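# Close look at the chain arrangement
Single-letter residue listing:
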Amino acid sequence: MTQAALNIGRLRAHLIKGAAGSFVLQVGFAGFAFLNAIILARVLGAGGYGAFANAMAWVSLLTIPATFGFGILLVRDTAIYRSQSKWGLLKGLLRFSDRFVLVFSVSLALLAAAVAGFLFAAPDQATMRHTIWIALLMLPLFALYNLQEAATRGLEYVIRACLPGMIVRPGLLFVGIISIYYVWPNHLSAPTAMAVNVGAAVVTLGLGVFFLRKLLPVEAKTATPEYTPRPWLKAAFPMLVYGGAQIVLGQTDIVMLGAMRGAHEVGLYAVANRLAFLLVYVVMAGETILAPIISRLYSNNERKRLQKILTRAVRLSLLAIFPFGLLLILKGESILLIFGDEFSAAKTALIILTCGRILDVAFGSAALILAMVNCERIVAVVFTIIAGTNILFNALLIPRYGLDGAAIASVISLTLAKLFLSIYLIKKTGIDTTILGRKRCISMDSSGGF
């Protein structure tokens, strides 16, 4: 057997094992998220759950800028430094990113706390205000954990990288909420639930640090750190813009809906959005394992192999999620009743969001590919423009259509971003991430196997 065939076999085995493990983690995360959403929605009601969801939206919006783009950079550059045995640069990048992000995220959390105090200063908004303040304690924890996870993924230990965030944190939240409900039921509120979430985030960060230190190669641990902050910051900034714009697309609808229509509609919308988002967990499982491999295959000019992997991944993903998507469209109202009678009002929003997620899966992961092959600037530009468009759509549609308007704005904006980036990627590299799976990729790879 030739060396090329052996390499192909190893890559296939690595991808299958990693994708399977990542999918199991995604299923576990989705399961815990679903259970937590049901429990919180039924116990807190639409208003209390809306306050919890709104506070989490704040943290989600701020986590990407808090990491300053170093999350994506660490996945890419950890893989590159490791393959090139640049241990000093790897150690320097890890130290520099941790220190920079810690200072930046704490400062951002303090600023956000002041803004929340101003926006929700009214006495009847005390629950919303207090929940956001407690949630902001998680911002530095989330930001630092994302760095540990990204670096561990860059080392291609995907399962251990994602385990704390996907299983441990939501699992601890589930256990904590159930415990409080049965021991001190009168004390369970949105701020209390968020405090439990903060405790879970502390444990998650600790595990993330432990795994990275255990899995980091000995050469990196003993190397003298080398620092090149200017190139790192120059590369990280477009990724910051891209990540920030991406999270704006995902969370602006909830934040603007909360500001314009109140916590009750946020609670309804959050449940519909949570159900529709279950469809993309399959794609996320694939992206988690593929990100460092994409960078390596592309840099080695093995684009034919990369195209085969991407085409197979997107088609299998769409095939896997379509039956559940159809179920949400046809039986969405019945599924929403699981959360409580009042949540059936979100049935139209659920149908809209589900159709959008199916399109999302069909387009594939063009943004991820571009970020992994040093084309992050165009991704940043496109998502910045689309994020602004999304804010405009929400401002126009929410006052008239409420949560249905927020759903329409979200779907239109995400579809436009996916469409443009898919077209750009094909023209730039010949690689097609959509279900069409074009074969005219530019390649010097003659092995052609996966």
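The model shown is predicted, which means the values in this text are computed figures rather than measured ones.

## Digging into the overall build of the chain
Scanning the chain from N- to C-terminus turns up 16 helices and 0 strands. Taken across its 450 residues, the chain has 57% of its residues classed as buried. Sequence separation of 24 or more characterises 83% of the internal contacts of the chain that already satisfy a separation of 6 or more.

## Quick look at the packing of helix α15 (residues 376-401) against helix α16 (residues 403-429)
Running from N to C, α15 and α16 point in directions that differ by 160°, and their axes come no closer than 8 Å. Taken together, the axes of α15 and α16 are roughly antiparallel relative to one another. Judged by the twist between their axes, the crossing of α15 over α16 is right-handed. A class-by-class count of the residues in the contact of α15 with α16 yields 19 nonpolar, 6 polar and 1 charged.

## Looking at unusual backbone geometry
Phi at Phe68 takes a positive value of approximately 55°, unusual for a residue other than glycine. Tracing the backbone through its elements, the reader meets Phe68 in the loop between α1 (3-67) and α2 (70-83). Note on Phe68: relative accessible area 14%, which makes it buried. Unlike most non-glycine residues, Ser85 shows phi in positive territory, near 55°. Tracing the backbone through its elements, the reader meets Ser85 in the loop between α2 and α3 (87-119).

## Re the nonpolar core
Core analysis: the largest hydrophobic core is formed by 131 residues, its most contacted members being Phe70, Leu275 and Phe383. The dominant element in this core, judged by the number of residues it contributes, is α1, at 19 residues. Setting aside residues no more than four positions away along its own chain, Phe383 makes contact with Tyr242, Ala245, Gln246, Leu249, Ala367, Ala417 and Leu421. Judged by nonpolar contacts, the second largest core, of 5 residues, contains Leu25, Phe29, Cys162 and Met166.

## What about α16?
In this model α16 runs 39 Å from its N-terminal to its C-terminal C-alpha over 27 residues, within 8% of the 39 Å that 1.5 Å per residue would give. Where α16 terminates, the next one or two residues include Gly430, which has phi positive at roughly 80°.

## Topic: the side chain of Arg357
Note on placement: Arg357 falls in helix α13 (residues 347-363). Overall, Arg357 belongs to the buried group, its relative accessible area being 14%. Residues within four places of Arg357 in sequence aside, it is in contact with Asn273, Ala276, Phe277, Leu279, Val280 and Leu414.

## Let's talk about the environment of Thr204
Among the structural elements, Thr204 can be located in helix α7 (residues 190-215). Classification of Thr204 as buried rests on a relative accessible area of 3%. Here the alpha-carbon distance between Thr204 and Ile167, two residues 37 residues apart in the chain, equals 9.4 Å. Here Ala200 takes part through its backbone oxygen, which lies 2.8 Å from a polar atom of the side chain of Thr204.

## Observations regarding the packing of aromatic side chains
Tallying each qualifying case throughout the model produces 12 aromatic pairs. In this structure an aromatic cluster arises from ring pairing among Phe68, Phe70, Phe96, Phe100, Phe104, Trp232 and Phe237.

## What about the confidence of the model for the chain?
Any region with low pLDDT has predicted coordinates that should not be read closely. Chain-level pLDDT for the chain is 81 on average; 87% of the residues reach the 70-or-more range. Per-element averaging of pLDDT across the chain places helix α11 (residues 281-299) at the bottom with 66 and α3 at the top with 92. pLDDT under 50 marks residues 3-9. Its contacts with residues more than four places away, or in other chains, come to 6 contacts. Here residues 440-450 scores under 50 on pLDDT; set against residues more than four positions off or in separate chains, the count is 31 contacts.

## A look at the environment of Leu110
Along the polypeptide, Leu110 turns up in helix α3. Judged by its relative accessible area of 60%, Leu110 falls in the exposed class. For the pair Leu110 and Leu137, spaced 27 residues apart in sequence, the C-alpha separation works out to 9.2 Å.

## Focus: helix α6 (residues 158-183)
If you check α6, its first and last C-alpha atoms are 37 Å apart, about what 26 residues at 1.5 Å a residue would give, namely 38 Å. The largest bend along α6 reaches roughly 35° and is located at Pro164.

## Let's talk about empty space enclosed by the protein
Counting across every chain of the model gives 3 cavities of 30 Å³ or more. The space that makes up the second largest cavity amounts to roughly 50 Å³. Taken together, Leu353, Gly356, Arg357, Ser410, Val411, Leu414 and Thr415 make up the full set of residues lining the second largest cavity. At the level of secondary structure, the elements contributing two or more residues to the lining of the second largest cavity comprise α13 and α16.

What counts, and at which threshold
Residues numbered from 1 in each chain as written. Predicted model: local features only at pLDDT ≥ 70, side-chain atom pairs only at ≥ 80, totals over all residues. Heavy atoms only, no water. Helix = DSSP H or I, 4+ residues; strand = E, 2+ residues; numbered from the N terminus. Buried < 20%, exposed > 50% of the residue type's maximum accessible area, 1.4 Å probe, protein only. Contact = heavy atoms within 4.5 Å. Axes fitted to C-alpha atoms, helices over the stretch in contact; angles between N-to-C directions. Parallel < 35°, antiparallel > 145°, perpendicular 65-115°, else oblique. Left-handed = near helix turned anticlockwise from the far one by under 90°. Nonpolar A, V, L, I, M, F, W, Y, C, P; charged D, E, K, R; others polar. Core = buried A, V, L, I, M, F, W, Y, C linked by side-chain atoms within 4.5 Å. Expected span 1.5 Å × (residues − 1). Polar contact = N/O pair within 3.5 Å; in protein donor to acceptor, adjacent residues only side chain to side chain. Phe/Tyr/Trp six-rings, centres within 6.5 Å; stacked < 30°, edge-to-face > 60°. pLDDT = per-residue confidence, 0-100. Bend = angle between axes of the 7 residues up to and from the residue. 1 Å grid on protein atoms, 1.4 Å probe; cavity = no way out; pocket = protein on both sides within 12 Å on 5 of 7 lines; lining within 4 Å. Points joined across faces, edges and corners; volume = space filled by probe spheres on them.

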